[in-house]
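Residues per chain are reported as follows:
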Amino acid sequence: MGSVTVPAVVSLAKGAPVVLTEIVVPDPGPGEARVRVQACGVCHTDLHYREGSINDDYPFLLGHEAAGVVDAVGDGVTSVSAGDYVVIAWRAPCGTCRSCLRGRPWYCFDSRNATQPMTLVDGTPLSPALGIGAFAGATLVAAGQCVKINPTARPEAAGLIGCGVMAGFGAAVNTGEVTRGETVAVFGCGGVGDAAIAGAAIAGARMIIAVDIDARKLEWARGFGATHTVDARDGDPVEAIRTLTDGNGADVVIEAVGRPETYRQAFFSRDLAGRLVLVGVPDPAMTLELPMIEVFSRGGSLKSSWYGDCLPSRDFPVLIDLYRAGRLDLDRFVTETIGLGDIEDAFTRMQRGDVLRSVVTL
């Protein structure tokens, strides 16, 4: 079939505006698949790449929250075929690392990506965001990153489970292990936090407390299942959560901001033996200080949630089934649809908190 040349959004230098240019996507080799991208969400992680907060392997091919159709597969690929409708995952368990062999593939320490590089037209290799690079007409990934889903799910919504929705939903259901009748508090009501709220609601939590400093985001949170809201500008959210939970604190607290001050608030918002889940991504320079006696005496667990501790092949189809059944409103996350040339403006709206998700459609 040969390589294809497609339009794509590339970050050439730290902090510089992204550019819309053409890239070359090779024919898939052994274990690889090429996907024609139909939709891709604009995630904070893409902005982190542009700003050099991940690493400095420029130029970056941005975009990683995508759905599309498999265009071609390489030798030895049996899991997907040309024509399959898929969501692309940034974790593809290898099956042979020490975590996979222990039966915990959601922690795979050697996740698979495509071997061949995608390039600029002059041959410069690109670094695809999270091993995907889907702000493009097509992208090359490891076949294991392609998860087949029901073709009736519209790509603008379906692609979002590839990152943000799965991260938040999984933080509640997989990492936090929310069960029926529990109380849950979620700090930060952007896309990931709202997905955690939706996950907690589906898991049967009897009280879900949304915490933010933006009244508009708190209203959005109610739409995803929050039973109570706390505007942290109006007072101490720890005391507010305790008041709502008979002085006890929540059974599960999810921190979807990634800042030391909100993590401390989340820590002290737990009930005794409660679970605290960090899913917000902190800046590498941030540090945390907590009284050790409080860590000891409160018991419970302090966890971080990697990609919602998901197994994409297991969890993506489940979320799509929930969506199709009307129980998980993925459409509500889609604030706007945009073109490939509109991503810089989308970054600005995202930083202002004007959107849950801008979604590029191709």
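Enquirer: I tried to follow the overall build of the protein on my own but got confused; where do I start?
Expert: If you tally the helices and strands in the protein, you get 11 helices and 18 strands. For the protein, the spread of C-alpha atoms along the principal axes amounts to about 65 × 40 × 40 Å. Within the protein, the fraction of its 362 residues that count as buried is 53%. Taking all contacts inside the protein whose residues are at least 6 apart in sequence as the whole, residues at least 24 apart take part in 70%. Here the protein has roughly 14700 Å² of accessible surface; of this, 51% comes from carbon and sulfur atoms.

Enquirer: Whenever I open this one, unusual backbone geometry confuses me. Can you help?
Expert: It is generally the case that most residues other than glycine have a negative phi and that most peptide bonds are trans. In this structure, the amide linkage connecting Tyr58 to the following residue, Pro59, adopts the cis form with an omega of 0 degrees. Secondary-structure assignment places Pro59 in the loop between helix H1 (44-50) and strand E4 (60-61). Backbone geometry at Glu177 places phi at a positive 50 degrees, although glycine is not the residue there. Examined against the element boundaries, Glu177 turns out to sit in the loop between helix H4 (164-175) and strand E11 (183-187).

Enquirer: Even after reading the chapter, I still don't get the state of the cysteines, so can you show me in this structure?
Expert: Going through the model one piece at a time under the given rule, you end up with 0 disulfides. Lacking any disulfide linkage, Cys40 is separated from the closest cysteine sulfur, that of Cys43, by 9.1 Å. Accessibility expressed as a relative area gives 1% for Cys40, which makes it buried.

Enquirer: For this particular structure, what's the right way to read the packing of H4 against helix H10 (residues 312-324)?
Expert: Helix packing for two helices is described by the angle between their axes and how far apart those axes are. With their axes 12 Å apart at the nearest point, H4 and H10 run at an angle of 100 degrees to one another. Our classification of the angle between H4 and H10 gives roughly perpendicular. Of the residues in H10, those in contact with Val165, Met166, Phe169 and Asn174 of H4 are Arg314, Asp315, Phe316, Leu319 and Leu322. Looking at side-chain class alone, the contact of H4 with H10 contains 6 nonpolar, 1 polar and 2 charged residues.

What counts and how
Residue positions within a chain follow its written sequence, with the count starting from 1. Owing to the predicted nature of the model, reporting of local features is limited to residues with pLDDT of at least 70; listing and counting of side-chain atom pairs is limited to 80 or more, with chain, interface and lining totals taken over all residues. Side-chain calculation: all heavy atoms of the structure are included, whereas hydrogens and water are not. Helix and strand definitions here come from DSSP, where helices need a minimum of 4 consecutive H or I residues and strands a minimum of 2 consecutive E residues; each element is numbered from the N-terminal end. Relative accessibility thresholds used throughout: buried, under 20% of the residue-type maximum; exposed, over 50%; partly exposed, between the two (1.4 Å probe, protein chains only). In this analysis, two residues are considered to be in contact whenever any of their non-hydrogen atoms come within 4.5 Å of each other. All accessible areas in this document rest on Shrake-Rupley with a 1.4 Å probe, and a residue is counted as covered only by the protein chains that are shown. For the purposes of this analysis, a disulfide is any pair of cysteine sulfur atoms at a distance within 2.5 Å. Only the stretch in contact is used when fitting a helix axis, every axis being a line fitted to C-alpha atoms; angles between N-to-C directions are given from 0 to 180 degrees. When describing relative orientation, an angle under 35 degrees is termed roughly parallel and one over 145 degrees roughly antiparallel, while 65 to 115 degrees is termed roughly perpendicular and anything else oblique. Basically, the charged four are Asp, Glu, Lys and Arg, the nonpolar ten are Ala, Val, Leu, Ile, Met, Phe, Trp, Tyr, Cys and Pro, and anything else, Gly included, counts as polar.

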